[in-house]
Structures are given as C-alpha cells and as structure tokens.
2 protein chains.
Amino acid sequence: VFLRAKLRGLTVLGLSMASQSEKAESFRAMHRRGRILLLPNAWDVPSARIFENMGFEAVATTSAGVSVSLGYPDGEKVPKDEMLHVLRKICSRVQLPVSADIESGFGRTKEEFIDTVRGVIEAGAVGVNVEDVADFDAKTLLPVQVQVERIRAAKRYAEDSGVPIVINARTDAIRFNVEGEQKSFEEAVRRCRLYLEAGADCVYPMGLTTAEAVSSFVKEVQAPVNIMARRGAPKVRELEKMGVARLSLGPGPIYASMGLLKKISKELLEVGSYDSMLELAITYDELNSLARPGV
Amino acid sequence: VFLRAKLRGLTVLGLSMASQSEKAESFRAMHRRGRILLLPNAWDVPSARIFENMGFEAVATTSAGVSVSLGYPDGEKVPKDEMLHVLRKICSRVQLPVSADIESGFGRTKEEFIDTVRGVIEAGAVGVNVEDVADFDAKTLLPVQVQVERIRAAKRYAEDSGVPIVINARTDAIRFNVEGEQKSFEEAVRRCRLYLEAGADCVYPMGLTTAEAVSSFVKEVQAPVNIMARRGAPKVRELEKMGVARLSLGPGPIYASMGLLKKISKELLEVGSYDSMLELAITYDELNSLARPGV
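The model shown is predicted, which means the values in this text are computed figures rather than measured ones.

Caption draft 1: Highlighting the relation of the copies chain A and chain B. Of the two same-sequence chains, chain A is brought onto chain B (RMSD 0.0 Å, axial shift 0.0 Å) by a rotation of 180 degrees. Given the turn and translation reported, the copies of this chain are related as if by a two-fold rotation axis. Across chain A, the smallest distance between a C-alpha and the rotation axis is recorded for A:Ser257, namely 2.6 Å. Counting the interface residues of chain A, we find that 100% of their copies in chain B are interface residues as well, pointing to one common contact surface.

Caption draft 2: Examining empty space enclosed by the protein more closely. For the structure on display, the rule yields four cavities of 30 Å³ or more. Reported here for the largest cavity is a volume of approximately 60 Å³. Along its surface, the largest cavity is lined by A:Thr61, A:Ser63, A:Val66, A:Ser67, A:Val78, A:Met83, A:Val86, A:Leu87, A:Asp101, A:Glu103 and A:Phe106. Contributing elements (two or more residues each) for the lining of the largest cavity: α3 (63–69) and α4 (80–93) of chain A. Partitioned by chemical class, the residues of the lining of the largest cavity number six nonpolar, three polar and two charged. Here the second largest cavity defines a volume of roughly 40 Å³. Lining the second largest cavity are B:Thr61, B:Thr62, B:Ser63, B:Val66, B:Met83, B:Val86, B:Leu87 and B:Asp101. At the level of secondary structure, the elements contributing two or more residues to the lining of the second largest cavity comprise α3 (63–69) and α4 (80–93) of chain B. Top element by residues in the lining of the second largest cavity is α4(B). It accounts for three residues. Here the lining of the second largest cavity is built from residues that sort into four nonpolar, three polar and one charged.

Caption draft 3: Broad picture of the sheet that holds strand β10 (residues 226–228) of chain B. All names here are of chain B. The parallel open sheet is built from three strands, whose spatial order is β1-β11-β10. Every interior strand has two partners, whereas the edge strands, β1 (37–39) and β10, have only one. The mean inter-strand angle of the sheet, taken between neighbouring strand axes irrespective of direction, is 25 degrees. As paired elements, β10 and strand β11 (residues 246–248) share three bridges and run parallel to each other. Bridge pairing in β11 places Asn-226 opposite Arg-246.

Caption draft 4: A look at the pattern of salt bridges. All names here are of chain A. For the structure shown, the criterion picks out 44 salt bridges over all chains. For the salt bridge of Arg-35 with Glu-57, the shortest nitrogen-to-oxygen distance reads 3.6 Å. Taken as a pair, Arg-35 in the loop between α1 (2–29) and β1 (37–39) and Glu-57 in the loop between α2 (45–54) and β3 (59–61) lie far apart in primary sequence, 22 residues in all. Residue Arg-35 is classed as partly exposed on the basis of its relative accessible area, which comes to 46%.

Caption draft 5: Molecular detail of the sheet that holds strand β4 (residues 98–101) of chain B. All names here are of chain B. Reading across from one edge, β2-β3-β4-β5-β8-β9 is the order of the six strands in this open sheet, with parallel pairing throughout. Two strands close off the open sheet at either side, each with one partner strand: β2 (41–42) and β9 (202–205). Across two bridges, strand β3 (residues 59–61) lies against β4 in parallel orientation. Residue Ala-60 lies in a different strand from β4, and its bridge partner there is Ser-99. Sitting on the sheet, helix α8 (residues 181–197) is in contact with β8 (166–171) and β9, with an inclination near 160 degrees to β8.

Caption draft 6: How the structure looks around a negative patch on the surface. Residues A:Asp275, A:Glu279, B:Asp275 and B:Glu279 make up a contiguous surface patch of negative charge. Inspection of the secondary structure assignment puts A:Glu279 in the loop between α12 (275–278) and α13 (284–289).

Caption draft 7: Just the packing of aromatic side chains, in detail. Inspection of the entire model under this criterion finds four aromatic pairs over all chains. When the ring of B:Phe51 is compared with that of B:Phe56, the centres are 5.8 Å apart and the planes differ by 90 degrees; the resulting orientation is edge-to-face. With respect to burial, B:Phe51 and B:Phe56 carry one shared label: buried. Aromatic side chains B:Phe185 and B:Phe217 sit 5.8 Å apart centroid to centroid with 90 degrees between the ring planes, which places their arrangement in the edge-to-face category. A residue pair is termed long-range when its members are at least 10 positions apart, and B:Phe185 in helix α8 and B:Phe217 in helix α9 (residues 211–221) qualify at 32 residues. Given the relative accessible area of 0%, B:Phe217 is considered buried. Over the face of the ring belonging to A:Tyr72 we find B:Arg93, whose NZ or CZ atom lies 5.7 Å from the ring centre. Directly above the ring of B:Phe113 sits B:Arg150, whose terminal nitrogen or CZ lies 4.5 Å from the centroid.

Rules used throughout
- Residues numbered from 1 in each chain as written.
- Chains lettered and ligands numbered in written order.
- Predicted model: local features only at pLDDT ≥ 70, side-chain atom pairs only at ≥ 80, totals over all residues.
- Heavy atoms only, no water.
- Least-squares fit on C-alpha atoms with pLDDT ≥ 70 in both.
- Contact = heavy atoms within 4.5 Å.
- 1 Å grid on protein atoms, 1.4 Å probe; cavity = no way out; pocket = protein on both sides within 12 Å on 5 of 7 lines; lining within 4 Å.
- Points joined across faces, edges and corners; volume = space filled by probe spheres on them.
- Helix = DSSP H or I, 4+ residues; strand = E, 2+ residues; numbered from the N terminus.
- Nonpolar A, V, L, I, M, F, W, Y, C, P; charged D, E, K, R; others polar.
- Pairing = 2+ DSSP bridges.
- Axes fitted to C-alpha atoms, helices over the stretch in contact; angles between N-to-C directions.
- Salt bridge = Lys/Arg side-chain N within 4 Å of Asp/Glu carboxyl O.
- Buried < 20%, exposed > 50% of the residue type's maximum accessible area, 1.4 Å probe, protein only.
- Patch = residues over 30% accessible without salt bridge, like charges linked within 9 Å, V, L, I, M, F, W, Y side chains within 5 Å.
- Areas by Shrake-Rupley, 256 points an atom, 1.4 Å probe, with all protein chains shown as cover.
- Lys, Arg positive; Asp, Glu negative; His and termini not counted.
- Charge placed at Lys NZ, Arg CZ, Asp CG, Glu CD.
- Phe/Tyr/Trp six-rings, centres within 6.5 Å; stacked < 30°, edge-to-face > 60°.
- Lys NZ or Arg CZ within 6 Å of the ring centre and 35° of its normal.

Next up, the structure:
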C-alpha cells in the first residue's frame, strides 16, 4: 500500500508537471496568433475565478492589487513569500494559465531573480511579467545588460526546470521618461529588442498609450507586444489591427472594485439606501463556488 | 539602551492595550444611541480602508468574503489561523473599531470558543459576531444552553483580558427555518433573549427581512438588534424608526465587487471596450494609500 501510494504520488507529480509545461506552451502560443490575447489581472482567488468563469483564456496577477490587498503599497514592499503564497492559492483554484507579476524580480542579481522564478514555477504559474526597474522610489532603470542577463538566465532556468514559462519583459523607460519623449521611446525600443534577443516572449512598453505611439512601437520591434488598458488607450479592435499581441488590464479591475465600494458607501451614508450594492450583486452560492477549482 | 527599548516596548504595549479597551467601549456605545450604526463588512485591507476613508464609524468583517478571498467556501472551511491573519492585517491598517465575523466560533466547546475569542483580541479586534450553528452542512443549531454558556464564558474572558469586546449574538433559527415561520420567529426571540441575559451586547436574527417582522422582533427583545442589508429589507431611515440599533452589509459589498468584475469582463470580451472598468476607477496613488494605516 505504501509503495502504491508512493508510485501514485510520483505519477500525479509527473502528470502535474507535464500539464504545467503544456500550459506554458499553450500560453506562449496565445501570443502568436492573428487575434489579440485579452489578459485580465486578478489579485486574489475570487477575482481570478470570476475572470476564468467569464471566458478569458488566461489570467495574470497585478502586483499593485496583490500587494495592497495584503496591506503593502506596490513596488516590492510585499514580502516575496506572501506574494508567492497568494499566487499559489490562485494557481490551485484556477485551471487557466496564470502569469505572475513579479515586478523587478524581488532582488536585482541574477541569483535572486532565478530564485523568484523558481518560486513562481513552484506556485504553479506559467508566465512572468518582469520589469527593468533598479529602484522603485528613485525611479531608476537597471543597466540594460543586467536585465538582458537576468532574462537569459531565467529563460535557461525555466527550460531546464521543464516548465518553459512565458516571459513578458516590461520596460519602464517611457514611464520614468528620463530623457524626454522621443529619447525615452527610442530607449524603450532598444531595450525591448535586446530583451527579445535574450529570450523574452513578449515585450511591454509601460506608459505607452496613444494609438500612434503603440502602432510605431509594434512596427519597430516586430514581435509580440503587451499594452495596458487605460484611459485614452485604443480599444481592442484597434489594437488588434495594429498587431498588438496582448492587452492586459493592470490594476484596472481593482481600481474599479474599490471605486464601487466608495459609491456603495456614499449612497448608504448620504441617502440611506443600498441600490448600488444590489445592482450587480452575485449570490451567496456563486461567491462560494469561486473558492472551488473551476472546470 | 536595551532597558530603555524594553521599557518603551512595555509602554507601547500598555498604551495599545488601553486604546483597544477604549475602542471596545466606544464601539459598545455606538449600539445604544438614538441613531442606527451603519456597519460595512470588509474582507481584506483595502476594502476595510475604503470604508474607513468614506466615514463609517466602525468596520466588520464578512466570513464569506474573508473565506472565499483566501480560497475556501464559507462555513468555517478556512483554517482559523488564516482568518485571524487577515483580521490582524485589517486591524493593523485601520484605526476604527473592527468587529470580527467568527461564524460559530471555530470549535463548539467553550474552550475552543474562548481560544478563538483570544485570537480575535490578540489580532486587535474589539467585537465579534458569533452564530449558534452546530453544523453548517447539516444546518443544525447548537442547543441553546450550550450557546448561552459559550457567550457567558466569552464575556467573562474578554472582561478579564482587559478588552471587553462587543458580542453580537446571531441566531440562525429563522434562516434554518426548521419548524415553520411562526415557530422559527418565536425560537429566534427566545434564543436572543437568553443570549442577551448571558451578556450579548446585540442580537442578530439572521434571515429576518420584512419591515413587519423586523419591527415585531425589536419590540419583542427590547435590546440592540442587528439587521443585514439585503434585497427587500427596509431602508436606513425606516430601520432607525423601528429602533434597529445596527445595520450590517454582510457579504453585500463583495457580491457587488464580483458582479462588477463580471460586467467589466463581459464588456471587454463582447464589445472590446473598457468603460465599466474606468467609470468608477480610483487612482494608483489612492490604491497604494489604502495599504498604509489611515488617520
């Protein structure tokens, strides 16, 4: 009985590893099709499960959402283990491929970065979003060569581990806008090309919003590009026409949820009614179903 | 230096205990005023902080919300320590009195119940909502005398501990409706009277909704009564006129948040736009501010 249980354990482990590897490849393929990949960002189990139930093909996390829901501001202030704990919960309740927002890797060296990637794979995720930030408070970028080496090492580590995760390499060159608009754009293009050569599957010029800039960027890099849905950004069909591979929502959904809580509070305190609480409400049974793994 | 640090530590501890005790008394007083106490139910740090920022006087937790956000269905399926961990986070980021939803006490014996109350006080809360459920799946009630003894013991324990928490004693007699509507109502009244005699500060007939039933119940018990905001329940002013002491929102806010995520998902997948994500959105800075203790 002991031996059988042990063998079964190994089989289960084998199957689950294979399935995580397949999930990674299937997630990668979603970045290279005619149509855009819509990638919503969750911060806990129920937000991830709602996205899964509604018909998305993959789910990502949002570092701002995960951090704040745990009581820490965004910018790697959350202890890495707490972030990984939530990621593990989400991966255990969701069947879809999950991509983890690991900010700038929770550590700047190659070794620390690989340790984070290892944690992400062990948690069950099949993708990472990684930034090239040196210091979140000072708003400085890592030397490009450091980031290139980190991406190359992560790529190699993931392949060796048997789970070839999808690497979305984000650059904050435009967001930090250190050298003016045109130079920042050029620096973002330069960095993203190097990240792609190092093994990134998709690049993400954070802060790029207008249709014109997005379109130019896609032409410059000729590879899968991630854009974030935000006020002023083009709609899905436009982005698709420009050749954008993936649209993520970033912290948009948690911004909206918190805004709704404000509206509910205001109505209750000022009017004494709770229509805005009831309008879109799901049921007790539906809420509970979100805690169980979906199909 | 070591001694000074140690003394400072004790002073801080002393101050923090006094302030928790004062907070408990101030929360208790909110149940015995002319006007109704509006008590919103949070499930994580940002939901609690939004309620605090919007001007409520106290915040409660929702067991369904806390459980599901941690990946467990409601009904004491969440490990007690995980529930207490979230409660501690909320209490550390919120200045207002916090009341903890501890379902049926995470254990049915007096000893287990007291252990849960101890955990709640250590987490920084100043109130509990406790149910008289024996078995959540079988939908059975505890013998009334067992619940009376648990409430009496909790009351004594809390007073001895220096943090005289507010006990909201909920009965599920009406919700489980074992003996028909009239008999269930009478059983709820009988139980709540005994819970009040045992030291409960407020009673909560779960499942009571219509204006007529609420009004009769308040007249029968002549003590602070908690009602939950739900479809069909009277509005704040009506409840106040009937003498209802406190209106909680239960899982209403998380039902609404999840419903909004469904709406955002549907719009993105079917229309390709994200207006419902932007309409009520808070900002990145506001989201991050929710992770820091408020004023």
